[in-house]
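# Summary of structural features
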Amino acid sequence: MSAAAAGNDDGEDYHLNPFEAAPSAKSRIQFWKVASRARWVEEAGAAEVLESKGNLWLTTGVARGGKLFYNIEEIGFLVERGALILLNEKDETIGLEGIYGKIAGGKYGCSWDAFQAYKQLKSLGYIVGRYGVPWTMKNSGTCDTTVPPTSLVHTDQSFNRADGTCRDITKLLKEMHIDGISPSFEVYLPNSKFKKSAPGAPSFLLCLLRNKPPSRVELEIVEINFGGIPLKYCHVDNGRVSFLSFDKVTLPSLP
């Protein structure tokens, strides 16, 4: 499939649902015998897909102007599994060491800890996209409730921005940013009929926890202000990824 075809995100092909088979304690990681090719575009902080093989494009990459782009976390995940070859501007292969360096530098919208969280969720079969970054601009006439503050996008690429109609909400969400707690990813359950042009509401938003644990008040403020979509939290410690959720606990009144 050509890159132009990949930009048309109305396909109905199926992707692996890890919950359709018998449960296993191991992550359901696929390794590919054929690889797509993409070229790194420094100005975009992402890679433009030159040749897409298979149906990976159904649940990875953002479509802009008839082209498909992979963000750095997607690049790392796909290259690790042999599904993607990343090229530089001279069409030389960029190896994993170079890709890891880009991720660790934190300049392209994804930290090393966020990459570990992304990789774990993808290995389990979840559909994962950057928070507030539309999969496609086809249906961007109205503002999505999960458009992120500018400070959360980190990069200055056009495909990481929503239309100007959303700027007021973006400003409001920026003001609600609490002590570094903010969603990094929108996460969808495995869905063989997932469509980028109509993804629906995510199953949950994933926030990375850094430094000290948040207070109850901080958690309540964050949860109230993200459109009623469930929030889950992730903590990464020396490569070990833990996912958390917080429930309300009410103590009985003493007589």
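Coordinates for the structure precede this section.
This structure is a prediction, so every number in the text was calculated from the model and none was measured. (Residues numbered from 1 in each chain as written. Predicted model: local features only at pLDDT ≥ 70, side-chain atom pairs only at ≥ 80, totals over all residues. Heavy atoms only, no water.)

## Let's talk about the overall build of the protein
As a reminder of what qualifies: Secondary structure counts use DSSP, requiring at least four H or I residues in a row for a helix and at least two E residues in a row for a strand, with both numbered from the N terminus. What makes two residues a contact is simply this: any of their non-hydrogen atoms within 4.5 Å. For every accessible area listed, the method is Shrake-Rupley and the probe measures 1.4 Å; residues are considered covered only by the protein chains on display.
Of the regular secondary structure elements, the protein holds seven helices and 10 strands. Sequence separation of at least 24 residues holds for 67% of the intrachain contacts in the protein that already meet a minimum separation of 6. Element-wise, carbon and sulfur atoms account for 52% of the exposed surface of the protein, whose accessible area totals about 13600 Å².

## Re the pairing of strand E7 (residues 183-188)
The two faces of a sheet get side chains in turn, since along a regular strand they alternate between them. The condition that has to hold: The classification of residues rests on relative accessible area computed with a 1.4 Å probe and restricted to protein chains. Under 20% of the type maximum is buried, over 50% is exposed, and intermediate values are partly exposed. By this definition, two strands are paired if DSSP reports at least two bridges between them.
Where burial is concerned, most of E7 is hidden: six out of the six residues are buried. Looking at chain direction, strand E6 (residues 127-130) and E7 are connected through four bridges and run antiparallel. Bridging across to E7, Gly129 finds its partner in Glu186. Pairing of E7 with strand E8 (residues 204-208) involves four bridges; the strand directions are antiparallel.

## Structural notes on the side chain of Arg81
Note the threshold: Whenever two N or O atoms come within 3.5 Å, that pair is a polar contact, provided that in protein one can donate a hydrogen and the other can accept it, and provided that, for residues adjacent in sequence, both atoms are side-chain atoms.
Tracing the sequence through the fold places Arg81 in the loop between helix H2 (72-80) and strand E5 (84-87). Side-chain polar atoms of Arg81 contact the side chain of Glu80, separated by 3.1 Å.

## Thoughts on the sheet that holds E6
Quick note on the threshold: Convention adopted: a line fitted to C-alpha atoms gives each axis, helices being fitted over their contacting stretch, and angles between N-to-C directions are expressed from 0 to 180 degrees.
Strand order in the open sheet formed by five strands is E6-E7-E8-E9-E10, with mixed pairing between adjacent strands. Two strands in the sheet have a free side with no partner beyond their single neighbour: E6 and strand E10 (240-244). Pairs of neighbouring strands in the sheet enclose a mean axial angle of 30°, with direction left out of account. For strand E9 (residues 231-237) and E10, the ladder comprises five bridges, and the chain directions are antiparallel. Its bridge partner lying in E10, Tyr233 is registered against Leu244.

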